[in-house]
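Tertiary structure, described
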Amino acid sequence: MKKMITMLLALAMIFALCACGTSAPAATAAPKTLVLGTSADYKPFEFMYPNEKGELVYGGIDVDVAKYIAEKTGKELKIENMSFDYLLASLQKGDFDMVLAAMEATDERKNSADFSDPYYTDIPAMILIRAEDADVFTSLDSFEGKSVGAQTATTKEDIVKNDMPGANLVSIAVVDDLINQLVHNKIDAVVLDGGVATSHAESNKDLAVASISLGEAEPYCVAVAKGDPKGLLPGINAAIADMIKEGKVDAFISAAEALDDVAQEVSAE
């Protein structure tokens, strides 16, 4: 009996030593940052402006929406600036966690990304022209044979191609370059989201919005990688629901408008 007890004690010690030598796998910590991809050349939605220290920082409606989502999901927001036409490809590569860039969830885009519930619907798209040409461009047909600009890879290209018969599409990646082309008589008009067109017309007396209807606006959504591999959409949609319930978007619009005089549209390198 004594021998048996001794053997059992020895085995117990061996098992205890083995247990001490085996550590449980550490739980994977959730990422503390939420990386936003945007194209900061599209005021009032995304732009840069100097803060009180004179440093350029990101601002705009979409930036404030992203900050709200990050706060609600307990993460710190990090912003990356990129040309609009590369945003979804970079999102799918994993360069960003989400994209906010006044982006509609079109059927084509749904092939390469998943989208949140809508967070904002802008006024319908508009045609920005030189103020001196307001009496020339009074209908969509009046753009026949004219050069009309639109940002590359946006739904505004589709408007020029499908709704402006005979117009010659000029696709340019950076909105600021489109505006410069218009101001310097290189192109005849630019199609932009309504809020963006209005912002440029209000800040430049040489520009005006043509009195032409382009139909209804589509809502903007947050894009995440196809299949939502990081499981971000539930948290994003919950934050959007709270944001809308709290009426935050109106405050974000007012904040962006207050920065109009110092806003700088910055294209990615």
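Residues numbered from 1 in each chain as written. Predicted model: local features only at pLDDT ≥ 70, side-chain atom pairs only at ≥ 80, totals over all residues. Heavy atoms only, no water.

Looking at the packing of helix 2 (residues 61-72) against helix 8 (residues 248-258)
As a reminder of what qualifies: Lines fitted to the C-alpha atoms define the axes, with helices restricted to the stretch that makes contact. Angles between their N-to-C directions range from 0 to 180 degrees. Counting from the N terminus, the helices are the DSSP runs of H or I reaching at least four residues and the strands are the DSSP runs of E reaching at least two. The labels follow the angle: roughly parallel below 35 degrees, roughly antiparallel above 145, roughly perpendicular from 65 to 115, and oblique for the rest. Crossing handedness is defined as follows: a turn of the near helix away from the far one that is anticlockwise and smaller than a right angle gives a left-handed crossing, while the clockwise case is right-handed. Two residues form a contact once any of their heavy atoms are found within 4.5 Å.
Where helix 2 meets helix 8, the closest approach of the two axes is 8 Å, and the angle between their N-to-C directions is 135°. What the angle tells us is that helix 2 and helix 8 run oblique. Considering how the two elements wind past one another, helix 2 and helix 8 form a crossing that is right-handed. Mapping the contact onto sequence places Ile61, Asp64, Val65 and Tyr68 in helix 2 and Lys248, Phe252, Ile253, Ala255 and Ala256 in helix 8.

Section: the pairing of strand 3 (residues 56-59)
Convention followed: A pair of strands is considered paired only if DSSP assigns at least 2 bridges between the two.
Bridge count between strand 2 (residues 47-50) and strand 3: 4 bridges; the pairing is antiparallel. Opposite Phe47, over in strand 3, you have Gly59 as the bridge partner. Hairpin connection from strand 2 to strand 3: 5 residues lie between these consecutive antiparallel strands, with Gly54 at a positive phi of about 85°.

Re the packing of aromatic side chains
A ring pair, where both rings are aromatic, is described by two values, the distance of the centres and the angle of the planes. Counted only if it meets this: Each aromatic pair joins two rings of Phe, Tyr and Trp (for Trp, the six-membered one) with centres within 6.5 Å, and gets the label stacked for planes under 30 degrees apart, edge-to-face for over 60, and tilted for any other angle. Only protein chains enter the accessibility calculation, which uses a 1.4 Å probe; a residue whose area is less than 20% of its type maximum is buried, one above 50% is exposed, and one in between is partly exposed.
Under the definition given, this model contains 6 aromatic pairs. With centroids separated by 4.4 Å and ring planes inclined at 5°, the aromatic side chains of Phe137 and Phe143 adopt a geometry described as stacked. The two residues Phe137 and Phe143 agree in class, both being buried. The rings of Tyr42, Phe45, Tyr120 and Tyr220 are connected pair by pair, giving a single aromatic cluster.

Quick notes on the confidence of the model for the protein
So the rule is basically this: For every residue, the predictor assigns a confidence score, pLDDT, that lies between 0 and 100.
Taken over all residues, the pLDDT of the protein has a mean of 91, while the share at 70 or more is 88%. In the model, residues 1-28 has pLDDT below 50 throughout and makes 0 contacts with residues more than four positions away in sequence or in other chains.

Considering empty space enclosed by the protein
This is how the line gets drawn: In this analysis, the protein atoms alone were mapped onto a 1 Å grid. Cavities are point sets where a 1.4 Å probe fits without being able to get out; pockets are open sets with protein on both sides within 12 Å along at least five of seven lines; lining residues have an atom within 4 Å of a point. Grid points are joined across faces, edges and corners, and a volume is the space filled by probe spheres set on the points.
Summed over the entire model, instances satisfying the criterion amount to 1 cavity of 30 Å³ or more. By volume, the largest cavity amounts to about 40 Å³. Contributing to the lining of the largest cavity are Tyr42, Phe84, Ala101, Ala102, Glu104, Arg109, Gln151, Thr154, Thr155, Lys156 and Asp193.

Quick look at the side chain of Glu46
The condition is simple: Lys and Arg are tallied as positive, Asp and Glu as negative. Neither His nor the chain termini are counted. What makes a salt bridge here is a side-chain nitrogen of Lys or Arg within 4 Å of a carboxyl oxygen of Asp or Glu, nothing more. In protein, a polar contact requires one atom able to donate a hydrogen and another able to accept it; more generally it is a pair of N or O atoms within 3.5 Å, and residues adjacent in sequence count only if both atoms are side-chain atoms.
Along the chain, the position of Glu46 falls in the loop between strand 1 (33-38) and strand 2. It turns out Glu46 is buried and unbridged, and the closest side chain with the opposite charge, Lys156, is 10 Å from it. In this structure the side chain of Glu46 is engaged in a polar contact, spanning 3.3 Å, whose partner is the side chain of Thr38. The residues contacting Glu46, other than those within four sequence positions of it, are Thr38, Ser39, Ala40, Asp41, Gly59, Gly60, Asp62, Val63, Leu100, Ala101 and Ala102.

Points about the nonpolar core
Worth spelling out the cut-off: As used here, the term nonpolar core means buried Ala, Val, Leu, Ile, Met, Phe, Trp, Tyr and Cys residues forming a set that is joined through side-chain atoms within 4.5 Å.
Ile69, Met98, Tyr119 and Leu192 are the most contacted members of the largest nonpolar core, which has 49 residues in total. Listing elements by their share of this core, those giving two or more residues are strand 1, strand 2, helix 2, helix 5 (175-183), strand 10 (189-192), helix 6 (194-203), helix 7 (233-245) and helix 8. A total of 7 residues in this core trace back to one element, the largest contributor, which is helix 2. Counting residues in each nonpolar core, the second largest holds 16 residues, with Ala125, Phe137, Phe143 and Met164 among its members.

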